[in-house]
Amino acid sequence: DVKVTQSSRYLVKRTGEKVFLECVQDMDHENMFWYRQDPGLGLRLIYFSYDVKMKEKGDIPEGYSVSREKKERFSLILESASTNQTSMYLCASSRLTEKWVNSPLHFGNGTRLTVT
Amino acid sequence: QKEVEQNSGPLSVPEGAIASLNCTYSDRGSQSFFWYRQYSGKSPELIMFIYSNGDKEDGRFTAQLNKASQYVSLLIRDSQPSDSATYLCAPSGYSTLTFGKGTMLLVSP
């Protein structure tokens, strides 16, 4: 089974802190994603990566950056955390197929981040 | 802007009934469709995918796709209390999945 591991289940940070959320997958998947999930807003894509050192903005990249130095690891960085970034953050990975469209996402357990 | 519409619910059904969950999408380029189940406090897990018009059955679950109408549904037969969760529809785009906000299903014993 695919395993996507997020480094922290719960995280509490202060406004203005730099925050790193780490995600590791063990199935050699090419694609990795960061979503945030908020009540009433659903899952929203922050950034994704389809290869090492490659990144693409999702729907809500503002206030975030990412890093992918190794294939198995995808990090989400909050440069200066703000209270409106309090959310559940979900990392996911998927296999790159000949057609993108047939590749389901496998999610990590999520990190609930609270910024005070 | 890709849009995925799902009734937020909750959809309440008695145990043993058929639950019908619906999803409409705006991107005509979507070729594959995924249904995820998300229990409260947990991450989404894939339960079905479909890429051809018509029905696809897997145990108690049937996914139905109508590309012309841009409509996909999920039927759960013999609903169980353990099916109580939020169900997310995700039509694929050219590079990423776009998720609906999900429909909460409540199955009462």
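Read on for a plain summary of the structure. Numbers given to residues run from 1 along each chain, matching the order in which its sequence is written. Whichever chain is written first becomes A and whichever ligand is written first becomes 1, with later ones labelled in order. Since the coordinates come from a predicted model, pLDDT governs what is reported: local features require at least 70, and pairs of side-chain atoms require 80 or more to be given and counted, while whole-chain, interface and lining totals use all residues. Water and hydrogen atoms play no part in the side-chain values, which are based on all heavy atoms of the structure.

## Thoughts on the sheet that holds strand S7 (residues 64–70) of chain A
Residue and element names in this part refer to chain A. As summarised here, the arrangement of the 4 strands in space is S1-S3-S8-S7, forming an open sheet in which the pairing is antiparallel. The open sheet has two edge strands, strand S1 (4–6) and S7, and neither has a second partner. Taken pair by pair, the neighbouring strands of this sheet meet at an average axis angle of 20°, ignoring direction. Inspection of the sheet shows S7 paired to strand S8 (residues 73–78) by 5 bridges, in the antiparallel sense. Looking at S8, one finds that Ser67 is bridged to Ser75. At least two bridges found by DSSP between two strands are what make those strands a pair. Helix and strand definitions follow DSSP, with helices as H or I runs of at least four residues and strands as E runs of at least two, each counted in order from the N terminus. To get an axis, fit a line to the C-alpha atoms, keeping to the stretch in contact for a helix; angles then go from 0 to 180 degrees between the N-to-C directions.

## Quick word on the pairing of strand S3 (residues 19–25) of chain A
Residue and element names in this part refer to chain A. The alternating pattern of S3 places Val19, Leu21, Cys23 and Gln25 on a buried face and Phe20, Glu22 and Val24 on a face that is not buried. In the sheet, S1 pairs with S3 via 3 bridges, with the strands oriented antiparallel. Note on S3: the bridge partner recorded for Thr5 is Val24. Pairing of S3 with S8, which is carried by 6 bridges, proceeds in the antiparallel orientation. Each bridged residue has a counterpart across the sheet, and for Leu21 the counterpart in S8 is Leu76. Classification of residues uses two cut-offs on accessible area relative to the type maximum, computed with a 1.4 Å probe and protein chains only: under 20% is buried, over 50% is exposed, and between them is partly exposed.

## Some points on the sheet that holds strand S9 (residues 85–91) of chain B
Residue and element names in this part refer to chain B. What the 5 strands build is an open sheet, ordered S2-S10-S9-S4-S5; its pairing is mixed. Looking along the sheet, the strands with just one partner apiece sit at the ends: strand S2 (11–14) and strand S5 (45–50). Across the sheet, the axes of successive neighbouring strands diverge by a mean angle of 25°, strand direction being ignored. Here strand S4 (residues 33–38) pairs with S5 via 5 bridges, running antiparallel. Considered in S5, the bridge of Trp35 is made with Met48.

All quantities given are derived from atomic positions and should not be read as evidence of function.
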